[in-house]
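Structure assessment
Here are the chains, one letter per residue:
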Amino acid sequence: KRHPVPESAEQCASRNGFGSTRRYNVLLRIRKNDRQVETGGEKELVNEGILEWPDFGAGILVECKYFDDGAVSLTEKQLVFGSKDSGWEARFGQPAFKAGTTIVLSPTHTTSSCIANEDGILNDSSNYEELLGSSSCVVDKLRNRADGSTLRVTSEMRLLRCRQGHA
């Protein structure tokens, strides 16, 4: 009886979407507790929330820190629901969830992005503010075929939040 050659880590990751550009929708649900944390002599407003990844069937506990310039830092703490050991290849280059990812989202000051209101009409003077940020991490078990160097996964996040005074 003949058995196929075992699949390598690279083949498995590629089969599950690693290495291709993907776009996912997320939901961020923040619990307002307005906890103040003092770090380095400065007080920061810190809330916790759940970052839902419907495409992964998962929710992640996140810590949200707010900065004076309008930026928000999201740090993924732990998986609350969903599979922790499979399906994360497209995001981390490995099947398991990897806690600790931090992304700093900064407000954009562009008027080029239009947002649909509840009637589906696009307008530039929206009640929402766009925050952009990116993060990257090195994939532990995958290597570049050409030169054997490590691979890096880069993620970009775009978040829309209600402008102050419209909430």
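Everything discussed here concerns the structure shown above.
Cut-offs used in this document
Residues numbered from 1 in each chain as written. Predicted model: local features only at pLDDT ≥ 70, side-chain atom pairs only at ≥ 80, totals over all residues. Heavy atoms only, no water. Helix = DSSP H or I, 4+ residues; strand = E, 2+ residues; numbered from the N terminus. Contact = heavy atoms within 4.5 Å. Buried < 20%, exposed > 50% of the residue type's maximum accessible area, 1.4 Å probe, protein only. Polar contact = N/O pair within 3.5 Å; in protein donor to acceptor, adjacent residues only side chain to side chain. Pairing = 2+ DSSP bridges. Axes fitted to C-alpha atoms, helices over the stretch in contact; angles between N-to-C directions.

Here the focus is the side chain of T108. Structurally, T108 can be placed in the loop between β5 (102-107) and β6 (115-116). Other than its neighbours up to four places away in sequence, T108 contacts E130 and L132.

You can see R152 is positioned in strand β9 (residues 150-162). Exposure remark for R152: the relative accessible area of 52% places this residue in the exposed category. Taking the C-alpha atoms as reference points, R152 and G93, 59 residues apart in sequence, are found 8.9 Å from one another. Those residues within four positions of R152 in sequence are excluded, and the remaining contacts are S136, C137 and V138. Of the polar contacts made by the side chain of R152, one reaches the side chain of S136; its length is 3.0 Å.

Our focus in this paragraph is the sheet that holds strand β4 (residues 72-81). Here seven strands make up an open sheet; going across it, the order is β1-β2-β3-β4-β5-β8-β9 and the pairing antiparallel. Pairing within the sheet leaves two strands with one partner each, and these edge strands are β1 (27-39) and β9. Mean inter-strand twist for the sheet, computed between neighbouring axes without regard to direction, equals 25 degrees.

Attention shifts here to the pairing of strand β3 (residues 58-66). The buried fraction of β3 is high, at eight of nine residues. From the end of strand β2 (residues 42-53) to the start of β3, which pair antiparallel, there are four residues, and G57 there has a positive phi angle of about 60 degrees. Relative to β4, β3 runs antiparallel, the two being bridged by eight bridges. Residue pairing for β4: V62 is matched across the bridge by E76. What sits between the antiparallel neighbours β3 and β4 is a turn of five residues, in which G70 has the positive phi angle 95 degrees.

Attention shifts here to the side chain of N47. One can find N47 in strand β2. We classify N47 as buried; its relative accessible area is 1%. Ignoring any residue separated from it by four or fewer positions in sequence, one finds N47 in contact with I30, R31, K32, N33, D34, R35, V62, E63, C64 and Y66.

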